[in-house]
Amino acid sequence: MAVEGKRKVAYFYDAEIGNYHYGQGHPMKPHRVRMTHNLVVNYGLYREMEVFRPKPVSRDQMTRFHSDDYINFLRVINPDNMSEFLRHLQRFNVGEDCPVFDGLFEFCQLYTSGSIGGAVRLNKGQNDIVINWAGGLHHAKKSEASGFCYINDCVLAILELLKHHQRVLYIDID
């Protein structure tokens, strides 16, 4: 951590995040992340931080917390094949709050990548502060979607931080 001078801030953003859509009438709106990014750019805040496009996390990184069968389900499910996975939809709590939409797995990779990438940068001492507006989807369980969340990027980032830190304090403010 920088003792004197400015703190080094990393900001993770991928423009693709705003292209995903939970469906008509759903309160979760990933395009709001794009709107937030536009504010960061228009107010010149990006000049005060390092901006990164997150490298997509692998299936193996996701299974550090989530079960193999759940991750495999998220990889294959899409609106066109949902009828083939009716039991799985119920088992993994995918439906109303956590709907199936085009690019679901890629969406999960994007928001999770910024959180894990940020944790890696903190662990390496490359940054003092990390921002991932797409992340924070902390309601997902080991083998179940919950509360608009499919992958628990917070748990995965904490697991990354625990590689170098004895304790991690996580505060949920929603």
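Structural data are supplied above this passage.
This is a predicted model, so every value here is computed, not measured.

S.K.: Describe in detail the environment of V76, supporting the description with residues and values.
M.R.: Considering the arrangement of structural elements, one finds V76 in helix α3 (residues 68-76). Residues V76 and G103, 27 residues apart in the sequence, show an inter-C-alpha distance of 10.0 Å. Ignoring any residue separated from it by four or fewer positions in sequence, one finds V76 in contact with N81 and F85.

S.K.: Please give an account of the packing of helix α5 (residues 104-123) against helix α6 (residues 153-161) that cites residues and values.
M.R.: Where α5 meets α6, the closest approach of the two axes is 9 Å, and the angle between their N-to-C directions is 20 degrees. The angle between the axes of α5 and α6 places the two elements in the roughly parallel class. The element α5 and its partner α6 pack so that their crossing is right-handed. Within the contact between the two elements, α5 uses Y111, T112, S115, I116, A119, V120, L122 and N123 and α6 uses D153, L156, A157, E160 and L161. By residue class, the composition of the contact of α5 with α6 is eight nonpolar, three polar and two charged.

S.K.: Could you give an account of the state of the cysteines, with specific residues and numbers?
M.R.: Taken as a whole and judged by the stated rule, the model has zero disulfides. Its sulfur unpaired, C108 is 9.4 Å from the next cysteine sulfur, which belongs to C98. For the unlinked cysteine C149, the closest cysteine sulfur is that of C98, found at 6.7 Å.

S.K.: Can you lay out the side chain of D153 for me, pointing to particular residues and giving the numbers?
M.R.: Along the polypeptide, D153 turns up in helix α6. Buried within the structure, D153 lacks any salt-bridge partner; R64 is the closest side chain of opposite charge, at an N-O distance of 13 Å. A distance of 2.8 Å separates the side chain of D153 from the backbone nitrogen of G136, its partner in a polar contact. Contacts of D153, omitting those with residues within four sequence positions, involve Y111, T112, S115, N132, G135, G136 and L137.

About the criteria used
- Residues numbered from 1 in each chain as written.
- Predicted model: local features only at pLDDT ≥ 70, side-chain atom pairs only at ≥ 80, totals over all residues.
- Heavy atoms only, no water.
- Helix = DSSP H or I, 4+ residues; strand = E, 2+ residues; numbered from the N terminus.
- Contact = heavy atoms within 4.5 Å.
- Axes fitted to C-alpha atoms, helices over the stretch in contact; angles between N-to-C directions.
- Parallel < 35°, antiparallel > 145°, perpendicular 65-115°, else oblique.
- Left-handed = near helix turned anticlockwise from the far one by under 90°.
- Nonpolar A, V, L, I, M, F, W, Y, C, P; charged D, E, K, R; others polar.
- Disulfide = S-S within 2.5 Å.
- Buried < 20%, exposed > 50% of the residue type's maximum accessible area, 1.4 Å probe, protein only.
- Lys, Arg positive; Asp, Glu negative; His and termini not counted.
- Salt bridge = Lys/Arg side-chain N within 4 Å of Asp/Glu carboxyl O.
- Polar contact = N/O pair within 3.5 Å; in protein donor to acceptor, adjacent residues only side chain to side chain.

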